[in-house]
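# What the coordinates show
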Amino acid sequence: MTDQRQDTETILATLEPPGPPVALRDRVLRRAGAALDRPPAQDPWVRIYVSRPLRVAWAATVLVLVVANVFLPRTNRRPRESFIEGATGRTPELREVVDVPRLREAYVSFDAFTASAFAGSRRKEKTS
Amino acid sequence: MEAIVEPAPPANVEATTAHEPSAWDEPAPWREVFEGVAAGRREALARLYDLASKRMFGLALWRTGNTEDAAEVVQEAFVRVAEQRARLVTIRDPRWWLLEITHRIAIDVTRRRRRTEPLEDHPYLSAPAGDPGSPVDARRVSALVARLSPKQREVVYLHHYAGMSHSEIGRSLGIPTFTAASRYRLGLATLRRLITRTP
């Protein structure tokens, strides 16, 4: 495995990727040189730091987010029940169909107990 | 920064190995060249092109699969270097940063062109000058390299021809080191299988 891998690497080492076309140098240097003549692009954070309106806008945004986070109520959410009521209207039969019964812990423990008891009785049947 | 570990050239190919030490591998000129470009000097830009264009073009070629797109990638990368010259002095490792932006632009160009097949027949490898037997090998191995996925090709190129370690590749491409190593291993395994199966 290692020898074969080395063979593959050896084959790659005997060859080389082609270089860029000769004409590319002038083209690149002309375009990049033109970009050098323009004022340099600034980092977004630097732009915010040096510009007063951007600084004010950034500070205002942070302030709004903090105020909203502190003062907006967190409990004002529509309960799941209201969705079902809205969808089924005042038809109790339809509501019974749409509303999937929830798993209740009391039933789960009861089922677990009966299941283990049932499994025990089957084991007894097998051994007898 | 980790030390760059050069892969040891195999004993039988010392004279023709593609990974001979070049200006790319020397740490000395990069900081000076970047400072020159940051100061807006055109001669520094030309020197940067001479130092980096071969590796950048190779990476772009192995990622995009054709010479035209690779040339566009290199051109766009140098324009970006010139535009972002204000931050060049803060870049810790200029070589890997150049390869990183080349990688990103190559992805953008590939998406823009929406090409799935390379325009040319297997442009990935060429024979070193003065080796009469190699052109045939170069065409054959290039055809097999073309069958790797672009992601695998890119990692094989960076590790094998740019001399980057897996962790450096991971940092440049924004992928975990393990993923970079895995892509390299899978790429080589696929290449090995193709080489042994095809006549």
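Predicted model, so just to flag it, every value in this text is computed and none were measured. (Residues numbered from 1 in each chain as written. Chains lettered and ligands numbered in written order. Predicted model: local features only at pLDDT ≥ 70, side-chain atom pairs only at ≥ 80, totals over all residues. Heavy atoms only, no water.)

### Remarks on the interface of chain A and chain B
Contacts between chain A and chain B engage 33 residues on the former and 50 residues on the latter. With both chains or domains summed, chain A and chain B bury close to 3,800 Å², and 66% of this area falls on carbon and sulfur atoms. Three residues stand out in chain A for area buried against chain B, namely Leu12, Leu15 and Leu36 of chain A, and they jointly supply 19% of the buried area on that side. Run the count over chain A and chain B and you get three salt bridges. For glutamate 83 of chain B, the salt bridge is made with arginine 38 of chain A, and the minimal N-O distance between the two is 3.4 Å. Taken together, the links from chain A to chain B amount to eleven residue pairs in polar contact (both at pLDDT 80 or more). The element contributing the most residues to the side of chain A that touches chain B is helix 2 (residues 22-37) of chain A, with twelve residues. (Contact = heavy atoms within 4.5 Å. Buried area = accessible area lost by both parts, 1.4 Å probe. Salt bridge = Lys/Arg side-chain N within 4 Å of Asp/Glu carboxyl O. Polar contact = N/O pair within 3.5 Å; in protein donor to acceptor, adjacent residues only side chain to side chain. Helix = DSSP H or I, 4+ residues; strand = E, 2+ residues; numbered from the N terminus.)

### Some points on the side chain of serine 172 of chain B
All names here are of chain B. In this fold, serine 172 is placed in helix 7 (residues 166-173). Relative accessible area serves as the criterion here: at 5%, serine 172 is assigned to the buried category. Contacts of serine 172, omitting those with residues within four sequence positions, involve Trp96, Glu100, His103 and Met164. (Buried < 20%, exposed > 50% of the residue type's maximum accessible area, 1.4 Å probe, protein only.)

### Re the packing of helix 2 (residues 42-64) of chain B against helix 6 (residues 150-160) of chain B
The packing of two helices is summarised by the inter-axis angle and the distance between the axes. Residue and element names in this part refer to chain B. Running from N to C, helix 2 and helix 6 point in directions that differ by 155°, and their axes come no closer than 8 Å. Of the possible angle classes, the one that applies to helix 2 and helix 6 is roughly antiparallel. At the point where helix 2 passes helix 6, the crossing takes the right-handed sense. On helix 6, the residues touching Lys54, Arg55, Gly58, Leu59, Trp62 and Arg63 of helix 2 are Pro150, Lys151, Arg153, Glu154, Val156, Tyr157 and Leu158. When grouped by side-chain class, the residues that make up the contact of helix 2 with helix 6 number six nonpolar, one polar and six charged. (Axes fitted to C-alpha atoms, helices over the stretch in contact; angles between N-to-C directions. Parallel < 35°, antiparallel > 145°, perpendicular 65-115°, else oblique. Left-handed = near helix turned anticlockwise from the far one by under 90°. Nonpolar A, V, L, I, M, F, W, Y, C, P; charged D, E, K, R; others polar.)

### Thoughts on the packing of helix 6 of chain B against helix 8 (residues 177-197) of chain B
Residues and elements named next belong to chain B. Contact pair helix 6 / helix 8: the axes reach a minimum separation of 8 Å and the direction vectors enclose 100°. One way to sum up the angle between helix 6 and helix 8 is to call them roughly perpendicular. Across the interface between the two elements, Lys151, Gln152, Val155, Val156, His159 and His160 from helix 6 touch Ala180, Arg183, Tyr184, Leu186, Gly187 and Thr190 from helix 8. Classifying every residue of the contact of helix 6 with helix 8 gives five nonpolar, five polar and two charged.

### Here's the deal with helix 2 of chain A
Think of an α-helix as 3.6 residues a turn; residues three or four steps apart then line up on the same face. All names here are of chain A. Over its 16 residues, helix 2 runs 24 Å from end to end, which matches the ideal 22 Å to within 8%, given 1.5 Å per residue. For helix 2, the set of buried residues is Leu24, Val28, Leu29, Ala32, Gly33, Ala35 and Leu36. Projection of helix 2 onto a plane perpendicular to its axis shows the buried side chains occupying an angular sector of 155°, all on one side. Opposite its buried face, helix 2 presents the exposed residues Ala23, Asp26, Arg30 and Asp37, each directed more than 90 degrees away. (Expected span 1.5 Å × (residues − 1). Arc of directions from axis to C-beta.)

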